[in-house]
Amino acid sequence: MVPANIFANGTNLQEYTRGVESNLRRDEQGYLETYIEESDNLVLLHGQFHDCEIILSQIGSLLGGFQVEIGSISAEIKSLQEKSMEMGMKLKNRKLVELKLAKFIEEIIAPPSLVTAIIDGEVNEEYLRHLEVLSKKLKFVGIDYMLNASEVFQDVQQEMDRLRQTAVAKVFDFIIEKIYSLRKPKTNIQMLQQNSLLKYRYLILFLKEHGKEKYPDILAAYIDTMNKVLSVHFFVYIEALERLQMNMATPNDLFGSDSKSLGVLLRVQEHSQKRSSIFALGERINILKEVDQPALVPHISEANALRYPYEALFRSLHKLLIDTSCSEYLFLEAFFGEASLLYEIFAGAFTVIDEHLKLVLPNCYDAICLMLMICITRKHQVIMSRRRIPCLDSYFDKVNIFLWPCFKKVIDMHLQCLKNCDVKTLWEDDTHPHYAIRCYAEFAASLIQLNVEYGNNQLDMNLEQLHMAIDNLLVRLAERFRIPKSQALFLLNNYDMIIAVLKEAGDIGKIPTFFEEKLESNISLFVEELLSEHFTDLIKFVKAYDDEESTSFTGSPTIADVEPLVKDFAMRWKAVLEAMHKDVITSFSNLSCGMEILKAAMAQLLNYYNSLSECVKMIPRSSTLNKYLVSITSISYEIRKYSRTF
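Rules behind the numbers
- Residues numbered from 1 in each chain as written.
- Predicted model: local features only at pLDDT ≥ 70, side-chain atom pairs only at ≥ 80, totals over all residues.
- Heavy atoms only, no water.
- 1 Å grid on protein atoms, 1.4 Å probe; cavity = no way out; pocket = protein on both sides within 12 Å on 5 of 7 lines; lining within 4 Å.
- Points joined across faces, edges and corners; volume = space filled by probe spheres on them.
- Helix = DSSP H or I, 4+ residues; strand = E, 2+ residues; numbered from the N terminus.
- Nonpolar A, V, L, I, M, F, W, Y, C, P; charged D, E, K, R; others polar.
- Patch = residues over 30% accessible without salt bridge, like charges linked within 9 Å, V, L, I, M, F, W, Y side chains within 5 Å.
- Areas by Shrake-Rupley, 256 points an atom, 1.4 Å probe, with all protein chains shown as cover.
- Salt bridge = Lys/Arg side-chain N within 4 Å of Asp/Glu carboxyl O.
- Phe/Tyr/Trp six-rings, centres within 6.5 Å; stacked < 30°, edge-to-face > 60°.
- Buried < 20%, exposed > 50% of the residue type's maximum accessible area, 1.4 Å probe, protein only.
- Lys NZ or Arg CZ within 6 Å of the ring centre and 35° of its normal.
- Axes fitted to C-alpha atoms, helices over the stretch in contact; angles between N-to-C directions.
- Parallel < 35°, antiparallel > 145°, perpendicular 65-115°, else oblique.
- Contact = heavy atoms within 4.5 Å.
- Domains from an automatic or database assignment.
- Disulfide = S-S within 2.5 Å.

J.: Got a minute to help me understand empty space enclosed by the protein in this structure?
T.: Rolling a probe over the atoms, with the probe sized like a water molecule, indicates the empty space that remains. Counted under the stated rule, the structure contains three cavities of 30 Å³ or more. Approximately 60 Å³ is the volume found for the second largest cavity. Along the walls of the second largest cavity sit Ile238, Leu241, Glu242, Gln245, Tyr310, Leu313, Phe314, Leu317 and His356, which together make up its complete lining. Elements with a contribution of two residues or more to the lining of the second largest cavity: α10 (215-242) and α13 (310-335). Counting residues per element, the lining of the second largest cavity draws most heavily on α13, which supplies four residues. Looking at side-chain class alone, the lining of the second largest cavity contains six nonpolar, two polar and one charged residues.

In structure tokens form, the structure reads like this:
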């Protein structure tokens with residue numbers, strides 16, 4: 001900055017240099033004078049510096065000694081620190097060893113209080129806690145492999161084993177006593193299982209783990225006890241149910257059997273309170289709504305003089321089986337942890353039920369009863385599935401396998417009886433629905449109604465065979481009538497009745513169509529026979545006239561040919577309509593069907609007369625007959641009056 005100012009101000013450098021040198025000499029002279037004035041003080045200060053150096057030298061020597069001593073102390077402290085760490089580690093290890101050793105000793109040593117409780121204590125809930133402690137010690141001895149190599153193991157092993165044997169023996173005797181208490185008559189087994197056995201289930205776990213030599217004996221004792229108890233229980237229950245049973249159907253109750261006494265026709269009409277209907281389902285279907293209701297109590301039903309069809313007893317028996325097996329299954333799962341034991345426990349009960357079914361079912365000729373039992377079995381399977389307990393799956397499969405052949409056998413026997421029955425015995429001189437045919441209709445409707453839910457194709461095939469056989473029987477019965485009109489009337493009444501009964505059963509497939517076709521064909525036959533009774537000549541003339549190939553006329557019709565027909569119709573047509581109306585009213589059981597047939601007959605009569613009128617109009621000089629011709633409008637009006645009568 002100074003050079004810049006010099007150049008900026010235009011200062012002479014030589015003069016400026018001389019000024020600077022003059023200032024330096026002046027300052028130097030000033031500093032020398034000041035130093036000379038302070039020389040004494042500087043000498044004194046120098047002496048003080050010298051004294052300080054001596055003192056500092058002494059202090060340095062002293063500090064050096066201290067440093068040496070501190071170094072030795074530091075080494076000692078380091079040595080002590082190492083020893084302290086070593087001692088701390090040893091102490092920690094010894095405490096850890098002490099802890100493990102104390103735990104080890106606690107695990108393998110049975111305290112006197114435990115020994116006394118195990119040996120002398122009564123088996124109760126407190127005893128269970130002592131067993132848990134003993135179990136832990138036994139498990140520890142068993143899983144600690146290092147213990148086997150220790151000397152203490154030899155001292156402890158024998159004592160622990162003797163204590164284990166004592167505990168196992170006491171537990172075994174206690175459980176056996178409880179199991180044998182199940183054998184006492186009138187014992188509520190389920191209550192005893194829940195309230196007495198289940199709270200001691202730890203005893204079974206203890207035996208499984210530490211008394212394996214005794215555990216199979218416990219299982220064998222329980223299986224043997226329950227097998228005998230349940231066998232007797234179901235045997236007695238079945239005997240009691242048999243006293244409540246209505247009389248079952250016999251081979252004489254099949255369609256058309258026992259011709260000397262008219263078989264089923266007479267017996268079904270008895271309406272005995274001891275016999276259920278073997279053809280009509282009726283209220284028997286209610287058993288399917290009550291399938292999960294409690295089992296029957298025989299002594300109460302017997303006291304009230306109640307009697308039941310066999311399917312009700314079958315439901316009650318299997319409801320008891322379901323409830324008993326479910327209860328036992330859950331108990332086995334909770335107490336033994338082995339639900340598979342149920343099959344061995346129920347072996348005797350299954351045998352008792354099997355023998356009962358093998359005795360009853362082959363002699364059951366009630367197909368509705370058999371089908372109801374099949375449906376009940378199906379519903380029981382659903383109940384077990386809903387409960388998620390599979391213990392009776394194989395049993396119900398076996399029951400189904402047994403029921404279906406019995407059902408098929410009865411259906412086949414019905415078919416055979418229908419084919420071989422003596423129509424002379426069954427035939428009655430009555431065109432109204434035959435009682436045997438009504439039985440068939442109710443029977444078929446019942447099976448169809450039951451099969452709606454089950455949906456078995458084999459049953460559908462059996463029903464088709466059955467309705468073909470019943471149609472054949474109808475035709476054979478109709479042939480016993482000498483008059484064709486009576487034959488057609490008999491078939492119409494029976495076909496109509498069959499269709500009406502079957503349609504009440506709901507969705508029944510192809511069966512009504514078959515009978516509806518039969519009904520339609522016989523309506524035409526009946527109408528022709530009905531009209532032929534009153535206007536035989538008129539019908540013959542019209543048919544001959546309409547038949548292009550007929551040889552009844554050698555030429556065109558003449559007034560002589562049609563005049564008697566026209567006059568006869570004009571004279572009698574109203575009386576004939578009235579007679580036809582009364583005939584239909586008295587002949588048909590179903591007035592709705594009768595109305596349709598009367599309409600068809602009158603419509604056909606109108607067609608015949610219309611054809612006659614057209615023929616008359618085509619004859620030359622037929623105007624002379626006009627006064628005898630009845631107008632189509634008049635006939636139609638009269639027909640409508642009879643139609644409104646219904």
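J.: What is the right way to look at a nonpolar patch on the surface in this model?
T.: The grouping of Ile55, Leu56, Ile59, Leu62, Leu63, Phe66 and Ile70 at the surface amounts to a nonpolar patch, some 680 Å² of accessible area in total. By secondary structure assignment, the location of Leu63 is in helix α3 (residues 39-108).

J.: Explanation requested: the packing of aromatic side chains in the structure shown.
T.: Two measures describe an aromatic ring pair: the distance that separates the ring centres and the angle between the ring planes. Following the criterion strictly, the structure yields 19 aromatic pairs and no others. For the pair Tyr222 and Phe336, a centre-to-centre distance of 5.2 Å together with 55 degrees between the ring planes defines the contact as tilted. In this pair, Tyr222 is assigned in helix α10 and Phe336 in the loop between α13 and α14 (342-345), connecting sequence segments 114 residues apart. With respect to class, Tyr222 is no different from Phe336; both count as buried. The structure contains a cluster of three or more aromatic residues connected by ring pairs, namely Tyr222, Phe331, Phe335 and Phe336. The ring of Phe172 is capped by Lys214, whose NZ or CZ atom sits 4.7 Å from the centre of that ring. The ring of Trp427 has Arg480 lying over it, and the distance from NZ or CZ to the ring centre is 5.9 Å.

J.: Just to check I follow, could you spell out the packing of α13 against helix α15 (residues 347-360) for this structure?
T.: Helix packing geometry: the angle between the two helix axes and the distance between the axes. Put simply, α13 and α15 touch, their axes get as near as 12 Å, and they point 170 degrees apart. In this view, α13 runs roughly antiparallel relative to α15, as classed from their interaxial angle. Contacts between α13 and α15 involve Tyr310, Phe314, Leu317, His318 and Leu321 from the first element and Phe350, Ile353, His356, Leu357 and Val360 from the second. Residues of the contact of α13 with α15, tallied by class, amount to eight nonpolar, two polar and no charged.

J.: It is not clear to me how the layout of surface pockets should be interpreted in this structure. Could you clarify?
T.: Here the largest pocket defines a volume of roughly 740 Å³. With nine residues, the single largest contributor to the lining of the largest pocket is α10. For the lining of the largest pocket, a count of residues per class yields twelve nonpolar, seven polar and six charged. Residue-level mapping places the lining of the largest pocket at the junction of two domains, with at least three residues from each of domain 2 (113-210) and domain 3 (213-248 + 282-405). The volume enclosed by the second largest pocket comes to roughly 350 Å³.

J.: What is the right way to look at the pattern of salt bridges in this model?
T.: Where side chains of opposite charge bring their charged atoms close, a pairing between them can arise. Counted under the stated rule, the structure contains 23 salt bridges. Between Glu528 and Lys543 there is a salt bridge whose closest N-O contact spans 3.3 Å. Note that Glu528 is positioned in helix α22 (residues 511-534) and Lys543 in helix α23 (residues 536-546), a separation of 15 residues in sequence. According to the relative accessible area criterion, Lys543 is partly exposed, its value standing at 44%.

J.: What is the right way to look at the state of the cysteines in this model?
T.: Here a disulfide denotes a covalent bond joining the sulfur atom of one cysteine to the sulfur atom of another. Per the stated rule, a full pass over the model turns up zero disulfides. Of all cysteine sulfurs, the one in Cys364 lies closest to Cys406, which takes part in no disulfide; the gap is 8.0 Å.

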